[in-house]
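Each chain is listed here by its residues.
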Amino acid sequence: MSVDNVTAVAPASSRRPWAVRGSVLAVAAAAGVVLLAGPASAHVSVQPQGEAAQGGYATVNFKVPNERDDASTVKLEINFPADHPLTSVMPQPVPGWDVKVTKEKLDKPLESHGNKITEAVSKVTWTAEKDGVAPGTFQQFPVSLGALPDDADQLVFKAIQTYDSKEVVRWIEEPKEGEEPESPAPVLALTAASGDGHGAASDDKSAASGHGDDAEKASSEQAAEDSSDSTARILAVVGILIGLAGVAFGVLSGRRRTTS
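About the cut-offs
Residues numbered from 1 in each chain as written. Predicted model: local features only at pLDDT ≥ 70, side-chain atom pairs only at ≥ 80, totals over all residues. Heavy atoms only, no water. Helix = DSSP H or I, 4+ residues; strand = E, 2+ residues; numbered from the N terminus. Buried < 20%, exposed > 50% of the residue type's maximum accessible area, 1.4 Å probe, protein only. Contact = heavy atoms within 4.5 Å. Areas by Shrake-Rupley, 256 points an atom, 1.4 Å probe, with all protein chains shown as cover. Pairing = 2+ DSSP bridges. Core = buried A, V, L, I, M, F, W, Y, C linked by side-chain atoms within 4.5 Å. Salt bridge = Lys/Arg side-chain N within 4 Å of Asp/Glu carboxyl O.

Draft legend 1. Structural detail: the overall build of the protein. When you go through the protein residue by residue, the secondary structure sums to five helices and eleven strands. In the protein, buried positions account for 36% of the 260 residues. Intrachain contacts of the protein at a sequence separation of at least 6 include 74% that bridge at least 24 residues. Approximately 15700 Å² of the protein is accessible, and the part contributed by carbon and sulfur atoms is 54%.

Take a look at the structure:
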């Protein structure tokens, strides 16, 4: 073997620190993906089926993922905002779950379609009749509600999630600008009313009366789930690419150093 060939080959020990450094970068990137994707999908959330317009009616899904590996979610309590009472709240039946709607008297009666409303729904509670939401799965709880306030751009619902291990998780922290709460409450974003402000209400009359299109609901639920999964996959791919770039950088830098 010639001297040139000998000097051109760097000992394995000289390349090892750079390879280790590249591996560390890959691991760090993968960990970043977990941190980014985890919180976005772990807490109880609320999403409208279609549009939730100010002054109208809407059907929304409260999505409950199970965060535990050794316990099932067996109870969900959704507390409705007292500052914007809703006169119509009707949950859609969910197989395997018992539902209870609790109402409270209003301090100040409301007018709705010429009628005086003296009470409003304060909370809706779902209790599992059998197994509940098993580890690694999620459940959606559809609710038709209205009339949505015309003087607010969002509604904050406080959720309490109970596991069969007796653990209780309170998703009750209201969002603050520039901060991400540790236990965020579900927030329903409201869109501006279109036209004369009654379009959304008329479009959702069938939902408010309990006669919504089940096929459309299922399609909306699947679309929301697919969107969440796609986001997580994109973040995972980005993390892998960053990790591979770190490994390649470490190997190339090691080679340059040994040959210089």
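From this point, things continue past the structure.
Draft legend 2. Examining the pairing of strand β9 (residues 158-163) more closely. Of all the six residues making up β9, five are buried; the element is thus mostly covered by neighbouring parts of the structure. Pairing geometry for strand β3 (residues 73-79) and β9, over six bridges, is antiparallel. When the sheet's bridge partners are listed, Ile 78 is paired in β9 with Ala 159. Across four bridges, β9 lies against strand β10 (residues 168-171) in antiparallel orientation. Note on β10: the bridge partner recorded for Ala 159 is Trp 171. Between β9 and β10, which pair antiparallel and follow one another directly, the connecting turn spans four residues, one of which, Lys 166, has a positive phi of 80 degrees.

Draft legend 3. Inspection of the nonpolar core at higher detail. Grouped together as the largest cluster of nonpolar side chains are 33 residues, with contacts concentrated most on Phe 62, Phe 80, Trp 126, Leu 145 and Phe 157. Among the elements of the structure, β2 (58-65), β3, β6 (115-128), β7 (138-146), β9 and β10 are those that each provide at least two residues to this core. With near-sequence residues (within four places) excluded, Phe 62 lies in contact with Ser 45, Val 46, Ile 78, Trp 126, Gln 139, Gln 140, Phe 141, Val 143 and Phe 157.

Draft legend 4. Spotlight on unusual backbone geometry. With an omega of -15 degrees, the peptide bond running from Gly 146 to Ala 147 counts as cis. Its place among the elements puts Ala 147 in the loop between β7 and β8 (154-156). For Lys 166, which is not a glycine, the phi torsion comes out positive at approximately 80 degrees. Relative to the helices and strands, Lys 166 is located in the loop between β9 and β10. Given the relative accessible area of 72%, Lys 166 is considered exposed.

Draft legend 5. Local environment of the pattern of salt bridges. In the structure shown here, the tally under the stated rule is three salt bridges. The shortest N-O distance in the salt bridge between Glu 67 and Arg 68 comes to 3.8 Å. The class for Glu 67 is partly exposed, based on a relative accessible area of 31%. The exposure class assigned to Arg 68 is partly exposed, which follows from its relative accessible area of 24%. Notably, a salt bridge pairs Glu 77 with Lys 123, separated by 3.8 Å at the nearest N-O pair. Taken together, the residues Glu 77 in strand β3 and Lys 123 in strand β6 connect sequence positions 46 residues apart. Its relative accessible area of 26% is what places Lys 123 among the partly exposed residues. Three or more residues joined by partner-sharing salt bridges are found here, namely Glu 67, Arg 68 and Glu 167.

By themselves these figures say nothing about function.
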